[in-house]
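These are the residues of each chain, in order.
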Amino acid sequence: MDSENTQAYLRPRARLMSTLGEELISNERVALTELVKNAYDADASLVVIRFNAPLVAGSGSIEVWDDGHGMSPETVRGTWLEIATPHRHRSPQSEGLGRRVLGAKGIGRFSAARLAQVTSLTTHRRDEQEVTVRVDWGRFTKDDDAYLDQVPVDWVSGTPRTFGANSPAQQLFDRVTQGFRDEGRPDDLGHHGTLVRLEGLRQQWDEKSVTLLKQSLSRLLPPAPPSELDVPDRPDFSVYVETPPGELGHHTGFVGASEALAHPHYRLMGTVDADGQAHLQLRTGHSDAEAIIDESLVGDSSRPSCGALTLDIRTWDLEGTSLRQLLNIDVGARSIPEIRQLIRRSSGVALYRDGFRVQPFGESGFDWLGFDLRRVNNPTLRFSNNQVAGFVYISADGNPGLKDRSHREGLIDSPEYEELKARILQAVSRLESWRYKLRRPEQPEEKLHSPGTPGHGLFSGFSLDPLRQVVEQRHPDDVVLGRAVEEASETITEGVRKVQEVLSQFQRLATLGTLVDVVLHDGRAALTRIAFVLEDLQELVENLRGEHAELAEELVKVHTGFSTQQAALDHLFTRIQPLSGRRRGRPRSLSLHAEIRAAVEVHEADLAKLGIDLEVGGEDVTVTVAPGDVNTLVLNLVGNAIYWLSTTSDTHDRSILIETGRTPKGEVEITFSDSGPGVRTEIKDVIFDTYFSDKPDGIGLGLTIAGSVVKDFYDGALSLLPSGPLPGACFQAVLRRRIG
């Protein structure tokens, strides 16, 4: 039978609506936010979210009212009832106020299916009929064989009743705005707009869920930006939540940002342009300290630019002594634990595109920049996610590579998105370094440029002076004493936490050494067995060369491949040998140049990838040292140089020079210089502090470990020189003992 050349068409089943609504939107907060965004796109200045009891699954309702321009019957039919309409692509600006619209894919309206069993839309546009559309989402899944265009929705149009003069909409808006918008209140408030009524709720709304919703809504729009920042004007847009009387009644009111956000301990403000050039201001909230950062934050050169950014990062120290000053400010909290809770609820770095938040950036539990992991690796220096409330501003036109995911949460994983995160973390690391220096006690001048001097003692917070002073001056039953005890207790708790974190760090290092020991032991044992097998294979090849020459040739290829891999593994094990937790071994006489070149091989791949020219020069000194010590020194200092050279542009000369020699006193000098950006002036006196690092993800142990090896085993010193043969950073290690 001849085949027929014709066409067929895709035809969606009605149950597709369940996927678009109930399954595509991840949670009820996101679903309600989508409805608020629709109101924003309709030029609304006020949205009222009204909860009607009983707020349990299968009952109750939620109403979303707005005073936007509303829709005509034609728009409801041709736009709202169409799935994936291109309307927003054709009209990226709102029709009245010129807002950059937030909807783009034409599916956001179906988030209502996530919230309730029935959606009733009532809308009125000036000089048009009022339209009510009632959608029973259960109809779309009732018949598995039904197609989408076979399921009807109820439609009513006619004279306005919900909106208009003396209408329910006008009465509601008048009541909500009474006392807030008396001046300049529009005469036609409530005469037009949209009501989305969600009936038969799919979940129970209790204290926790309403609280989380208000927290999410509070960050839809950023707080008023500082005058120093050129960010999009905050639109005239408010959200009011009305809850039924009773245990949820206290939630009724306008949604606003926490007052605690206005009083950070530290603040970073500024811009990073599309080329990575940063212009940042660092400030404290409790002093006049200020710093200016004007430098390039060049990321991975293989990634495209994420576009220009504007940053407003606010951070807090959560210790009781630091938070106590906020008790004198009306932030809505009466105790230090309440202040700490306010900050944690407001924490997270929010992302705003054209003045409106991109979900879920800014949710307190969404640590998209990995702050908590960074802090685990370096608790002394880094912020945790619950210490940071950030506001990052982008635009659709200026950051075209940052695109939303289809389910409306997060951005698509792309090189631009990775570059965005890298640049924010680089900026935050500048704030962390500056904060560290402010909190660090002054050090004697002779200790500023040598390792092994702690930035601030781990036990510096274990002072009971407040308690001791009160005991001396007051009666034991005095109320003041109780408060002093509480303060001292908090201080002790914080000190213990720091000790635990640092002990955890050293435990991880010890575990790493043990793990390397296991890998080396088991790995080398496996290599020995492989070597025996390869010998047997070689014998087999020789026996087959006569009668089975073709097979023998194939086995030779197999033998060669396995031998190559065996050599590569043996080389790898040699490279990680310095990380072993075993004893360092006996010092022996060796060529310093040869040992340095062997250690540098660990970085061969990175040097080649980045086009870095590494040279070993100077006098080739014969020394008596433990090879692992040279490896430790070289691995850390060359690794640092490679990282900072990677932050320079591809056109920048990338070079590392290692020079060795002896001084007239017989000391051995090893100098490491590079052509990178160098060490910033403001951190030169803290770079040797344990756990201090200027890298966004640095742990801050490299220089400490290298310096300890030089000092403890060779009575030497590791120092930062003012200048060197190359224009970047220059470190010098001096060995004075056991050097041959």
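Here the structure is shown first, and the text comes after it.
Residues numbered from 1 in each chain as written. Predicted model: local features only at pLDDT ≥ 70, side-chain atom pairs only at ≥ 80, totals over all residues. Heavy atoms only, no water.

1. Comments concerning the side chain of Thr704
Then, number 1: Following the sequence through the fold, Thr704 ends up in helix H19 (residues 702-714).
Then, number 2: Residues in contact with Thr704, not counting those within four places in the same chain, are Phe688, Asp689 and Thr690. (Helix = DSSP H or I, 4+ residues; strand = E, 2+ residues; numbered from the N terminus. Contact = heavy atoms within 4.5 Å.)

2. Some remarks on helix H7 (residues 168-177)
Then, number 1: Turning to H7, its buried residues are Ala169, Gln170, Leu172, Phe173, Val176 and Thr177. Along the long axis of H7, the arc covered by the buried residues comes to 165 degrees, so they all point the same way.
Then, number 2: Buried residues along H7 sit against strand E1 (46-52), strand E2 (61-66), strand E7 (238-242) and strand E8 (253-254). (Buried < 20%, exposed > 50% of the residue type's maximum accessible area, 1.4 Å probe, protein only. Arc of directions from axis to C-beta.)

3. Some details on empty space enclosed by the protein
Then, number 1: Tallied over the full model, the rule gives 4 cavities of 30 Å³ or more.
Then, number 2: Roughly 70 Å³ of volume is contained in the largest cavity.
Then, number 3: In terms of lining residues, the largest cavity is bounded by Leu592, Val625, Asp629, Val630, Leu633, Ile670, Val709, Val710, Tyr714 and Leu735.
Then, number 4: Elements that contribute at least two residues to the lining of the largest cavity include exactly helix H18 (627-646) and H19.
Then, number 5: Along the lines of polarity and charge, the residues of the lining of the largest cavity split into 9 nonpolar, no polar and 1 charged.
Then, number 6: The volume enclosed by the second largest cavity comes to roughly 60 Å³.
Then, number 7: Forming the walls of the second largest cavity are Gln215, Ser216, Arg219, Arg345, Ser347, Arg357, Gly362, Glu363 and Ser364.
Then, number 8: Tallied by class, residues from the lining of the second largest cavity come to no nonpolar, 5 polar and 4 charged. (1 Å grid on protein atoms, 1.4 Å probe; cavity = no way out; pocket = protein on both sides within 12 Å on 5 of 7 lines; lining within 4 Å. Points joined across faces, edges and corners; volume = space filled by probe spheres on them. Nonpolar A, V, L, I, M, F, W, Y, C, P; charged D, E, K, R; others polar.)

4. Topic: the packing of helix H2 (residues 28-41) against helix H8 (residues 207-218)
Then, number 1: Relative to each other, H2 and H8 sit at 40 degrees, their axes nearing to 10 Å. By the criterion of interaxial angle, the relationship of H2 to H8 is oblique. Where H2 crosses over H8, the two elements pack in a sense that is right-handed. On H8, the residues touching Arg29, Leu32, Thr33 and Val36 of H2 are Leu212, Leu213, Ser216 and Leu217.
Then, number 2: Class assignment of the residues belonging to the contact of H2 with H8 gives a composition of 5 nonpolar, 2 polar and 1 charged. (Axes fitted to C-alpha atoms, helices over the stretch in contact; angles between N-to-C directions. Parallel < 35°, antiparallel > 145°, perpendicular 65-115°, else oblique. Left-handed = near helix turned anticlockwise from the far one by under 90°.)

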